[in-house]
Amino acid sequence: MEIKKEIGYKIINKWLEAKNFKPFSFQLTTWQHILKVQSGLVNAPTGCGKTYSVFLGALIGFINQHPSSYQSKKNNALQLLWITPLRALAKDIGRAMEEVIEELGMQWKVAIRNGDTSTTERAKQKIQMPEVLIITPESLHLLLAQKNYPSIFSSLKIIAVDEWHELLGSKRGVQVELAISRIVGSQESGVRSWEKSVLVWGISATIGNLEEAKEVLLAPIFQKGVIVKADLEKKIEVESIFPDEIEKYPWAGHLGIKLAHKLIPIIQQSKTTLIFINTRGMSEMWYQALLNACPELAGSIALHHGSIDRELRSWIEDNLHTGNLKAVVCTASLDLGVDFRPVESVVQVGSPKGVARFLQRAGRSGHSPDAVSKIYFLPTHSLELMEAAALKAAMKENLIESRQPMFLCYDVLLQYLNTLAISDGFTPDELYNEITATYCYRELTKEEWNKILYFITQGGEALGQYDDFKKVEIENGVYKILSRKVAMRHRMHIGTIVSDSMLKIKFISGAYIGVIEEFFISRLEPGDVFTLAGKNLEFVLIKDMTALVKKSAAKKSKVPSWNGGRMPLSANLGKKLRETLNQAAVGSVSDIKELDALLPIFDLQKNLSHLPKENELLIEQIETKDGFHLFVYPFEGRLVHEAMAAILAYRISRITPISFSFAMNDYGFELLSDQPIPVDDSNVYELFSPADLLNDIQRSVNSTEMAKRKFRDVAVIGGLIFQGMPGEKKKARHLQSSASLLFNVFSEYDTNNLLLRQAYQEVLDQQMEEVRLRDMLERIQQSAIVITFPQQLTPFCFPIKVDSMREDLSSEKLEDRVKKMQQQLEAE
């Protein structure tokens, strides 16, 4: 098929030419595949027109089918379902689509459906679906919970999944897999006519496992599909911001803010700058620091993160579009595809923890194919400059992380079955075939399936006495939820994002500011001052799940610490970091500015201890007045180090009775004891052996306690725990106690319970990173282990030692203590 002969292509091309645009070859290729009734995955850099590759393909297909009536006012029912992970993306994509439709003289309607959509708008959609519906995974499952939902999708031609790399490897991605399997049904593969076939297209940034990403997405439709890669070289310039003086004893967190003044010229020289901070708490501090460093920025700098009021976030996004803001301090809330053309510069404060995230953020600037993306790296402590060098090397080699798909998420499946049961119901045999077509559930056995059906109808082995768990009834072979109360409760909690209980923050006068997790507010006394949305607020009282506050003129305030702030270093970045350190160890740093700047630290580390090469593991044994320290540096990320510290402590305790406290960062970990630690050349390889790893994990950490905490999320998603009505949600501790009770019941009376098994598996995969831990131990077995006995703390162990002191000291006291330690060490 020659696309250029198609009427649809000619009309679209004419529109593009009028705007002085020309389609990229990857866009043409995608359109061609769409017209050939093929599904696939589009992979292109940010700002290169990925959206248009699928959207314009849908328009071309429609115009080809209706060459004389494509501008007709008649409603054509749903043609394109556009799934997006972020609400913020929906508005932006919708705006771009409407512009095209209007300029082509078409009458298509574009609508958005997510948690922010009003009931009036939902009711309008129920009467008449638009031609394009932009939707989140959760809202799509809510559509599947409607009676007669198949009629909504009967006219559908294309399902587009935007930012698929972001959904893959999460339970929201599993929701997408299940929704596609239901919409498309288990039709047999083969060539079908345009009118009858539903195509699935993913849109993804570059990840390490694109082929697998495509396979996961297309598994439910039995198509192999194609990957369309944009042959576009996106130029990215990375520039490190150097402190005036390199601290020989670095520590995490304090340096960044001290370099705030170095950002002012960057902000002033750029049209607009995005400043990415890894945590919401730190973003509040950075916003204040930049205003203090340059008060004239007031009014042209904003703060954007997920806990700020939605209306304020929307205002910020609109003003980013129009170029009215000079700078926005933000978190991952602005990571994804929102097209802010005025952004000329991006600043990454502190480690991005992964190559893919760094590339994604760099792509926020120079948001057009021929523009250069400019990103500045600002370290929060000196050693992070090594990461800047490692990131540059990884980008050159295109060493980008993979996103591992999820397997057998029984909690999401339970929720999905209840969703279908409150709409038109389901027949088990037909649905089993459909579900096992998905990548996530392809290994679901008939025995497991029957257990799940037994659980939703009879409460399973352990909960048969309780009617609350017998939600589904069987009527003429069809599984349905007939109770209106159960159906209403289920609709309210469809979704897989489980967070701690959130409290709204409002002024006494009534204006809404944002939300903060309950655990932070519960520790405040009336009169305490905290910061949110860049404002100092005095806490007054809690009323109806809302914290009432008033403005405060206080200079000092508490910065909220939200959970989930600490991401671990990715395996890819860890690997490049070890290679970068190797260059320093062998003395080949002359052409790498970041390593050159760190020479004073490297020289001191060599003098006091050792600078490890790529094929070496460094262990330092140091005695101080605090006790006996063992520092180990695998450079494998915080989670792996936390697990390894526990395993090592357990293995050492088998040699001699000994107790430890732990500390860790992304580069290494510490064991501290009040007696000498028996690690030497005779036993060190055995202590770091991968043998019997699984058993040692379970013996060394309180895996039952960790699984119990994880089970809370599994139970909430699976619908075993009702979270409460809107506005009166259960407190986090009540949820945890309900989950603990169920966990104990299953552990005693239903030991093979699938949700119990899932909780333990998630602890291994997500909290322990068991696969990566095993890989690390196997690598260490092939490495030289170097044990040194420094007479004082070294530059490498100093930041870990400081981290271990954080919980006991306020930030001011910690800074004073660290300064004294640095002075003492430099005097020795």
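Structure: above.
About the thresholds
Residues numbered from 1 in each chain as written. Predicted model: local features only at pLDDT ≥ 70, side-chain atom pairs only at ≥ 80, totals over all residues. Heavy atoms only, no water. Helix = DSSP H or I, 4+ residues; strand = E, 2+ residues; numbered from the N terminus. Buried < 20%, exposed > 50% of the residue type's maximum accessible area, 1.4 Å probe, protein only. Contact = heavy atoms within 4.5 Å. Areas by Shrake-Rupley, 256 points an atom, 1.4 Å probe, with all protein chains shown as cover. Pairing = 2+ DSSP bridges. Axes fitted to C-alpha atoms, helices over the stretch in contact; angles between N-to-C directions. Left-handed = near helix turned anticlockwise from the far one by under 90°. Nonpolar A, V, L, I, M, F, W, Y, C, P; charged D, E, K, R; others polar. Phe/Tyr/Trp six-rings, centres within 6.5 Å; stacked < 30°, edge-to-face > 60°. Lys NZ or Arg CZ within 6 Å of the ring centre and 35° of its normal. Salt bridge = Lys/Arg side-chain N within 4 Å of Asp/Glu carboxyl O. Disulfide = S-S within 2.5 Å.

### Some remarks on the overall build of the protein chain
Along its length, the protein chain carries 33 helices and 25 strands. Per-residue burial for the protein chain yields a buried fraction of 58% across its 828 residues. In the protein chain, of all internal contacts separated by at least 6 residues, the share reaching a separation of at least 24 is 74%. When the accessible surface of the protein chain is split by element, carbon and sulfur atoms take 49% of a total near 34,700 Å².

### Overview of the pairing of strand E12 (residues 343–349)
Along E12, six of the seven residues are buried, which leaves the element largely enclosed by surrounding structure. Summarising the sheet, strand E9 (residues 272–276) and E12 pair through five bridges and their orientation is parallel. By the bridge assignment, Thr 273 is partnered in E12 with Ser 345.

### Here we look at the sheet that holds strand E11 (residues 327–330)
The sheet built from six strands is open, its strands ordered E8-E13-E12-E9-E11-E10 with parallel pairing. Pairing within the sheet leaves two strands with one partner each, and these edge strands are strand E8 (236–240) and strand E10 (301–304). When strand polarity is set aside, the average angle formed by the axes of neighbouring strands in this sheet is 20°. Of the strands in this sheet, E9, E10, E11, E12 and strand E13 (373–378) touch helix H13 (residues 280–293), which is tilted by about 175° from E10.

### Things to note about the packing of helix H27 (residues 693–700) against helix H31 (residues 770–781)
In the contact formed by H27 and H31, the axes pass within 11 Å of each other and the chain directions differ by 115°. Helix-helix and strand crossings are classified by hand; for H27 and H31 the assignment is right-handed. On the side of H27, the interface is formed by Leu 693, Leu 694 and Ile 697, while H31 contributes Glu 770, Leu 773, Arg 774 and Leu 777. Here the contact of H27 with H31 is built from residues that sort into five nonpolar, no polar and two charged.

### Side note on the packing of aromatic side chains
With the rule as written, the count across this model stands at 15 aromatic pairs. Where Phe 358 meets Phe 377, the ring centres are 6.5 Å apart and the plane angle is 65°; that geometry is what we call edge-to-face. Of this pair, Phe 358 sits in helix H15 (residues 355–362) while Phe 377 sits in strand E13, placing them 19 residues apart in sequence. The class of Phe 358 is buried, set by a relative accessible area of 0%. Following the ring pairs from residue to residue traces out a cluster consisting of Phe 455, Phe 711, Phe 743, Phe 746 and Tyr 760. Positioned above the aromatic ring of Tyr 439 is the side chain of Arg 442, whose terminal nitrogen or guanidinium carbon lies 4.0 Å from the ring centre.

### Concerning the pattern of salt bridges
For the structure on display, the rule yields 30 salt bridges. Glu 762 serves as the salt-bridge partner of Lys 171, at 2.8 Å between the closest nitrogen and oxygen. Remark: Glu 762 occurs in helix H30 (residues 754–767) and Lys 171 occurs in helix H9 (residues 171–184); sequence separation between them is 591 residues. According to the relative accessible area criterion, Lys 171 is buried, its value standing at 11%. Glu 762 sits in the buried class, given a relative accessible area of 6%. Close ionic contact of Arg 699 with Asp 696 constitutes a salt bridge, the shortest N to O distance being 2.8 Å. Here the residue Arg 699 and the residue Asp 696 both occupy positions in helix H27, the gap between them amounting to three residues, near one helical turn. A relative accessible area of 43% places Arg 699 in the partly exposed class. Look at the salt bridges and you will find they share partners, linking Arg 578, Glu 636, Glu 769, Arg 772 and Arg 779 into a network.

### Structural notes on the sheet that holds strand E7 (residues 226–229)
Reading across from one edge, E3-E4-E2-E5-E6-E1-E7 is the order of the seven strands in this open sheet, with parallel pairing throughout. The open sheet has two free edges, formed respectively by strand E3 (110–113) and E7, since each of these has just one partner strand. Neighbouring strand axes in the sheet, compared pairwise and without regard to direction, differ in orientation by 20° on average. As paired elements, strand E2 (residues 80–83) and strand E5 (residues 158–161) share four bridges and run parallel to each other. Within the sheet, the bridge partner assigned to Leu 81 lies in E5 and is Ile 159. Strands in contact with H9 are E2, E5 and strand E6 (199–204); relative to E5, the strand with the most contacts, it is inclined by about 175°.

### Observations regarding the state of the cysteines
Under the defined criterion, the tally for this structure stands at zero disulfides. Here Cys 440 stays unpaired: no disulfide links it, and the sulfur of Cys 409, its closest cysteine neighbor, is 4.1 Å away.

The values are spatial; any link to function lies outside them.
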